[in-house]
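Descriptive analysis of the structure
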Amino acid sequence: MSENSNQFLDALKQMQGVEVGDIVDVEVLDVEDGQIDVGVVNAGVEGVITRREYTSDRNTDLHDLVKPGDKFKALVLRRAGGDKENGEFFFSVTRLKEREAYDKLQKDFEEGNAIEGTVTSSVRGGLLVDVGTRGFLPASLISNRYVSDLKPYIGKTMKLKITEIDPNKNRLILSHKDLVEEEREEAFDKVASQLVVGDVIEGKVSRLTNFGAFIDVGGVDGLVHISEISYKHVDKPSDVLKAGQDVKVKVIGIDNDRHRISLSIKQTEPSPFEQATADLNEGDIFEGEVKSLTNFGAFVEVTDGIQGLVHVSEISNKHVDKPSDVLKVGQTVKVKVLNIDPSDRRISLSIKAADSNASSSDNHSSRPHRSRNENSVNKKYMGDNDNGFALGDIIGDQLKDRK
């Protein structure tokens, strides 16, 4: 049998073997405005590749992409219905690329690998991403924070994890949030291992919310609750802080299970109580104004906003049934400091001890009555109960009176 006969038989065999779903080598025969005419190499089979089956760019000129004589692989889509369709088969390059992409993506999914993709557009509920084929990134899986505006993501390249893949349904669901959470956990473990509660460190305000400020401390966000921003009342964190601001913070809590770090700005500075009592010592005698009376004692102002308690047993050497029997609000009294408790912010005072020392005051540490302008603490730095005694002591006593 001649060589030409063998070639004919081989071509006939290949032509008869072209089936839908096959991947074949094709050669460009002609390029038209909306399609490419091709022939299967060494098969004697011809067909067409429409614009959408060659490129995803609907505006491109096919003449700029291919020319007669070019060869490449294509997927056999279906048989042509008649001569008017100018060929025996329809082929596709884009779907072949998608099939190849899905094969690789399936492997990445099974191995848990991260992939990269470029966001092409936004649709209702999320983003469309090109990862060799088209994938969908739901808005809820873009970040570990709520994302309201999707437009800034268009055109960006993102690292992603595959959460669901089904080539038969052309379904590919992606997530960026999973990677963010993984990276956050790794960063937390690294930072948390270097911190202990009580550390004072430098940080930068990363974002503000109604309930506090998130501070970047080494790549991890810690939360300063609104109550820990300042000793004075803060309506909104944005009133006193701004994004990008450098701040000093104290670590007040580390939750390894929930990957949270609690911080405080105000605890990096002396409290109003500490400032007010900095030069106050046990044994000091001074004059103060009675600010309130209860059944168990009298509260005397030590300095602006700071009060100490004179227990009923410390009012007089004589028995006192009720403080109001011998004292009145607004009265100036001489008191002696018995105890200062910084942890509970309490100051214990005594009137009778000051009286018993009056005759020998020259031999004791004493000081004159403080005016409101001397050694005072501006009340704007005071908390509602940062006054040297427990608010519950007063409330509890008042409740007793109502019974």
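Under an unreviewed UniProt entry, the name given to the protein is 30S ribosomal protein S1, and the source organism is Lactobacillus gallinarum. In its Sequence similarities (unreviewed entry) section, UniProt records this for the protein: "Belongs to the bacterial ribosomal protein bS1 family."

Attention now moves to the packing of aromatic side chains. Inspection of every chain in the model, using the stated rule, returns four aromatic pairs. Ring centres of phenylalanine 211 and phenylalanine 214 lie 6.1 Å apart, and the angle between their planes is 85 degrees; this geometry places the pair in the edge-to-face category. The exposure class assigned to phenylalanine 211 is partly exposed, which follows from its relative accessible area of 41%. Note that lysine 156 overlies the ring of tyrosine 153, its terminal NZ or CZ placed 5.8 Å from the centroid. The ring of phenylalanine 214 is capped by arginine 207, whose NZ or CZ atom sits 4.0 Å from the centre of that ring.

Here we come to the sheet that holds strand β3 (residues 45-50). Strand order in this closed barrel of five strands is β1-β2-β3-β5-β4, and the pairing throughout is mixed. Across the sheet, the mean angle separating the axes of adjacent strands is 50 degrees when strand polarity is ignored. Summarising the sheet, strand β1 (residues 23-31) and strand β2 (residues 35-40) pair through five bridges and their orientation is antiparallel. Bridged to valine 31 within β2 is isoleucine 36. The sheet contacts of helix α2 (residues 94-111) involve β1, β4 (71-79) and β5 (89-92), and relative to β4 the element is tilted by about 100 degrees.

Turning our eyes to something else, we now look at the pattern of salt bridges. Pairs can form between side chains of opposite charge once their charged atoms are near each other. All told, the structure shown has nine salt bridges when counted by the stated rule. Across the pair lysine 104 and aspartate 108 runs a salt bridge, and its minimum N-O distance is 3.1 Å. One end of the pair is lysine 104 and the other is aspartate 108, both in helix α2 and four residues apart, which spans about a single turn. Judged by its relative accessible area of 53%, lysine 104 is exposed. For lysine 204, the salt bridge is made with aspartate 246, and the minimal N-O distance between the two is 2.8 Å. On the criterion of sequence distance, the pair formed by lysine 204 in strand β11 (residues 200-208) and aspartate 246 in strand β14 (residues 246-255) is long-range, its members being 42 residues apart. Classification of lysine 204 by relative accessible area gives partly exposed; the value is 38%. Residue classification places aspartate 246 among the exposed residues on the basis of a relative accessible area of 55%.

Another point: the sheet that holds strand β15 (residues 260-264). Pairing between sheet strands relies on hydrogen bonds along the backbone, with the strands arranged either parallel or antiparallel. Strand order in this closed barrel of five strands is β11-β12-β13-β15-β14, and the pairing throughout is mixed. Across the sheet, the mean angle separating the axes of adjacent strands is 55 degrees when strand polarity is ignored. Pairing geometry for β11 and strand β12 (residues 212-216), over four bridges, is antiparallel. Counted as the bridge partner of arginine 207 is phenylalanine 214 from β12.

Before going further, it helps to spend a moment on the environment of alanine 213. Along the chain, alanine 213 turns up in strand β12. Assessed through its relative accessible area of 0%, alanine 213 is described here as buried. Residues alanine 213 and lysine 242, 29 residues apart in the sequence, show an inter-C-alpha distance of 9.1 Å. The residues contacting alanine 213, other than those within four sequence positions of it, are Arg207, Leu208, Gly222, Leu223, Val224 and Leu241.

Let's shift gears to helix α3 (residues 177-192). Here α3 spans 22 Å end to end across 16 residues, near enough to the 22 Å set by a 1.5 Å rise per residue. Where α3 is concerned, the buried positions are Leu179, Val180, Phe188, Val191 and Ala192. On the buried face of α3, the contacting elements are β9 (157-166), β14 and β15.

Definitions and limits used
Sequence order sets the numbering: in each chain, residues are counted from 1 along the sequence as written. Only residues with pLDDT of at least 70 get local features here, since the model is predicted, and only at 80 or more are side-chain atom pairs given and counted; chain-wide, interface and lining totals rely on the full set of residues. Just so you know, side-chain values use all the structure's heavy atoms and leave hydrogens and water out. UniProt positions are given in the numbering used here, feature names are shortened, and annotations may be inferred rather than shown by experiment. In this scheme Phe, Tyr and Trp rings, the latter by its six-membered ring, pair at centre separations within 6.5 Å, and the angle between planes marks the pair as stacked below 30 degrees, edge-to-face above 60, and tilted otherwise. Partly exposed describes any residue whose relative accessible area lies between the buried limit of under 20% and the exposed limit of over 50%, with all areas from a 1.4 Å probe on protein chains only and scaled to the type maximum. Charge-over-ring placement is defined geometrically: NZ (Lys) or CZ (Arg) within 6 Å of the ring centre, and within 35 degrees of the ring normal. Strand pairing is defined by DSSP finding a minimum of two bridges between the two strands. Starting at the N terminus, helices and strands are each numbered in turn, a helix being any DSSP run of H or I of at least four residues and a strand any DSSP run of E of at least two. Interaxial angles span 0 to 180 degrees and are taken between N-to-C directions of axes, which are lines fitted to C-alpha atoms, for helices over the stretch in contact. Here, residues are in contact when the closest pair of their heavy atoms is within 4.5 Å. One speaks of a salt bridge when a side-chain nitrogen belonging to Lys or Arg is within 4 Å of a carboxyl oxygen belonging to Asp or Glu. The span expected for a helix works out to 1.5 Å for each residue beyond the first.

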